[in-house]
Amino acid sequence: MQPTPLPHPPADARPTALVTGAGAGIGRAFAHRLAADGYRVIAVARDPDRLRALTAHLGPGHHWLAADLTTEDGVRRTADLITGTPVHLLINNAGTAVAGPFTTTPPEQAQEMLRLNCLAVTVLSHAFLARARPGDALLNVSSTLGWAPKADLAVYSATKAFTTTLTEALWAAHHRSGVRVLALCPGMTATASQPHHDAPRRLVHTPEQVVAAAMRGLRDGDGPTVVPGAVNRLFALATRLLPRRRTLGLLSH
Ligand SMILES: NC(=O)c1ccc[n+]([C@@H]2O[C@H](COP(=O)([O-])OP(=O)(O)OC[C@H]3O[C@@H](n4cnc5c(N)ncnc54)[C@H](OP(=O)(O)O)[C@@H]3O)[C@@H](O)[C@H]2O)c1
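What you see is a predicted model; the values in this text were computed from it and never measured. (Residues numbered from 1 in each chain as written. Predicted model: local features only at pLDDT ≥ 70, side-chain atom pairs only at ≥ 80, totals over all residues. Heavy atoms only, no water.)

1. A short note on the layout of surface pockets
Part 1 of the reasoning: Considering only enclosed or pocket space, the second largest pocket measures out at about 220 Å³ in volume.
Part 2 of the reasoning: Going through the elements one at a time, α6 (207-219) and β7 (225-226) are the ones with two or more residues in the lining of the second largest pocket.
Part 3 of the reasoning: Counting residues per element, the lining of the second largest pocket draws most heavily on α6, which supplies five residues.
Part 4 of the reasoning: Classifying every residue of the lining of the second largest pocket by side-chain character gives five nonpolar, six polar and three charged. (1 Å grid on protein atoms, 1.4 Å probe; cavity = no way out; pocket = protein on both sides within 12 Å on 5 of 7 lines; lining within 4 Å. Points joined across faces, edges and corners; volume = space filled by probe spheres on them. Helix = DSSP H or I, 4+ residues; strand = E, 2+ residues; numbered from the N terminus. Nonpolar A, V, L, I, M, F, W, Y, C, P; charged D, E, K, R; others polar.)

Here it is in structure tokens:
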């Protein structure tokens, strides 16, 4: 059977996981891991060819939706899918990082990042949590940069501070109800868009390692944040203990 881009895929005995940004990188690794763990995956991103190939590879019963989550229409169609399906696990993973000096980077790029990294995450989290039941889980992919902004990634870092803070607040609101809420805060992860060629290899994780840490966190009821890797956890701790000026200096070189 061919996987289909149905707006409301038919019911299935398996729990359903919707992953945004599932066409590449960490999102793609989530899709593979969740399918292997027995989830029916709904993969969302812009490129339909990549999504079609991915869901065909995952096997029967998986679905995809081509949606640009920087647009109102793309977010609305994805939110409708979340409310109408139902979805048991939502992974808000899609995100972009535009690097460069703040003043010479076109403001349109900042707006795109804000729409994808903040607005879409907020609207989709709302659509999900409004109907979530005990046992369901929301995982928002943030970054260690949310605690330690980088000068040439000012807007990106700020969007991740937003995502972490939003998710922590949602965790506080929901964790007693049995609905799991988690902010996943990876450090450097080798993906096609962010290969991190210049970084020491021991500091760079694979998407599969990041996903494994997230799945452990979900299983063990960790939260509100999960930071993959001991060095990243040490870094995250340091950002809380050090004076703010020192933290800002950590990533300035
Ligand atoms: N890589 C790292 O070092 C790192 C570190 C910390 C946190 N993160 C976070 O982890 C998440 C995934 O990062 P990644 O490196 O795996 O990214 P990636 O390899 O660039 O993949 C991004 C995915 O998002 C989709 N996407 C991009 N723009 C979209 C849009 N407007 N609407 C819908 N889908 C869109 C892309 O597919 P299409 O192009 O087909 O839409 C792709 O499937 C992001 O939130 C990122 O901020 C990454």
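2. Brief notes about helix α1 (residues 25-36)
Part 1 of the reasoning: The end-to-end C-alpha separation of α1 is 17 Å, in line with the 16 Å expected for 12 residues at 1.5 Å each.
Part 2 of the reasoning: Where α1 is concerned, the buried positions are I26, G27, A29, F30, A31, L34 and A35.
Part 3 of the reasoning: Phi for G38, located one or two positions after α1, is positive at around 100°. (Expected span 1.5 Å × (residues − 1). Buried < 20%, exposed > 50% of the residue type's maximum accessible area, 1.4 Å probe, protein only.)

3. Description of the site of the ligand
Part 1 of the reasoning: Close to the ligand lie 31 residues, the nearest being N93, Y156, T191, S193 and H196.
Part 2 of the reasoning: Separating a nitrogen atom of the ligand from a side-chain N or O atom of D68 is a distance of 2.9 Å.
Part 3 of the reasoning: One nitrogen or oxygen atom from the main chain of N93 is found 2.7 Å from an oxygen atom belonging to the ligand.
Part 4 of the reasoning: When the ligand sits alone it has 890 Å² of accessible area, and the protein chains cover 94% of it.
Part 5 of the reasoning: Mapped onto the shell around the ligand, the elements with two or more residues apiece are α1 and α5 (154-174).
Part 6 of the reasoning: A breakdown of the residues in the shell around the ligand according to their chemical character gives 12 nonpolar, 14 polar and five charged. (Near = heavy atom within 4 Å. Polar contact = N/O pair within 3.5 Å; in protein donor to acceptor, adjacent residues only side chain to side chain. Areas by Shrake-Rupley, 256 points an atom, 1.4 Å probe, with all protein chains shown as cover.)

4. Thoughts on empty space enclosed by the protein
Part 1 of the reasoning: Scanning the entire structure with this criterion turns up one cavity of 30 Å³ or more.
Part 2 of the reasoning: The computed volume of the largest cavity comes to approximately 30 Å³.
Part 3 of the reasoning: If you go around the largest cavity, the residues you meet are T20, L69, N92, N93, A94, L116, A120 and V121.
Part 4 of the reasoning: Per-element accounting of the lining of the largest cavity gives the leading share, three residues, to helix α4 (residues 107-129).
Part 5 of the reasoning: Its residues placed into classes, the lining of the largest cavity shows five nonpolar, three polar and no charged.

5. Some thoughts on the side chain of S142
Part 1 of the reasoning: Mapped onto the fold, S142 is located in the loop between β5 (137-141) and α5.
Part 2 of the reasoning: Of the polar contacts made by the side chain of S142, one reaches the side chain of T164; its length is 2.6 Å.
Part 3 of the reasoning: Residue contacts for S142: discarding those within four places in its chain leaves K160, T163, T164, L184, C185 and P186. (Contact = heavy atoms within 4.5 Å.)

6. Observations concerning the pattern of salt bridges
Part 1 of the reasoning: By the definition in use, this model includes six salt bridges.
Part 2 of the reasoning: Linking R219 and D220 is a salt bridge whose minimum nitrogen-to-oxygen distance equals 2.8 Å.
Part 3 of the reasoning: On the basis of relative accessibility, which here comes to 61%, the residue R219 falls in the exposed class.
Part 4 of the reasoning: Classification of D220 by relative accessible area gives partly exposed; the value is 46%.
Part 5 of the reasoning: Look at the salt bridges and you will find they share partners, linking D73, R76, R77 and D80 into a network. (Salt bridge = Lys/Arg side-chain N within 4 Å of Asp/Glu carboxyl O.)

7. Quick word on a nonpolar patch on the surface
Part 1 of the reasoning: Nonpolar side chains collect at one region of the surface, where L234, L237 and L241 lie side by side and expose about 340 Å² of accessible area between them.
Part 2 of the reasoning: Note that L241 resides in helix α7 (residues 230-241).
Part 3 of the reasoning: A relative accessible area of 66% places L241 in the exposed class. (Patch = residues over 30% accessible without salt bridge, like charges linked within 9 Å, V, L, I, M, F, W, Y side chains within 5 Å.)

8. Observations regarding α4
Part 1 of the reasoning: Under the 1.5 Å per step criterion, the end-to-end length of α4 is 32 Å for 23 residues, consistent within 8% with the ideal 33 Å.
Part 2 of the reasoning: R115 marks the point of greatest bend in α4, at about 35°.
Part 3 of the reasoning: Within the sequence span of α4, burial applies to A110, M113, L116, N117, C118, A120, V121, L124, S125, A127, F128 and L129.
Part 4 of the reasoning: On its buried face, α4 is in contact with β1 (16-20), α3 (72-84), β4 (89-92), β5, α5 and β6 (180-184). (Bend = angle between axes of the 7 residues up to and from the residue.)

9. Some details on the packing of α3 against α4
Each pair of packed helices can be summarised by the angle the axes make with each other and by the distance between the axes.
Part 1 of the reasoning: Direction vectors running N to C along α3 and α4 enclose 20°, while the axes themselves pass 9 Å from each other. If you check the angle between α3 and α4, you find them roughly parallel. Between α3 and α4 the crossing geometry is right-handed. On the side of α3, the interface is formed by V75, T78, A79, I82 and T83, while α4 contributes A120, V123, L124, A127 and F128.
Part 2 of the reasoning: Within the contact of α3 with α4, the residues separate by chemical class into eight nonpolar, two polar and no charged. (Axes fitted to C-alpha atoms, helices over the stretch in contact; angles between N-to-C directions. Parallel < 35°, antiparallel > 145°, perpendicular 65-115°, else oblique. Left-handed = near helix turned anticlockwise from the far one by under 90°.)

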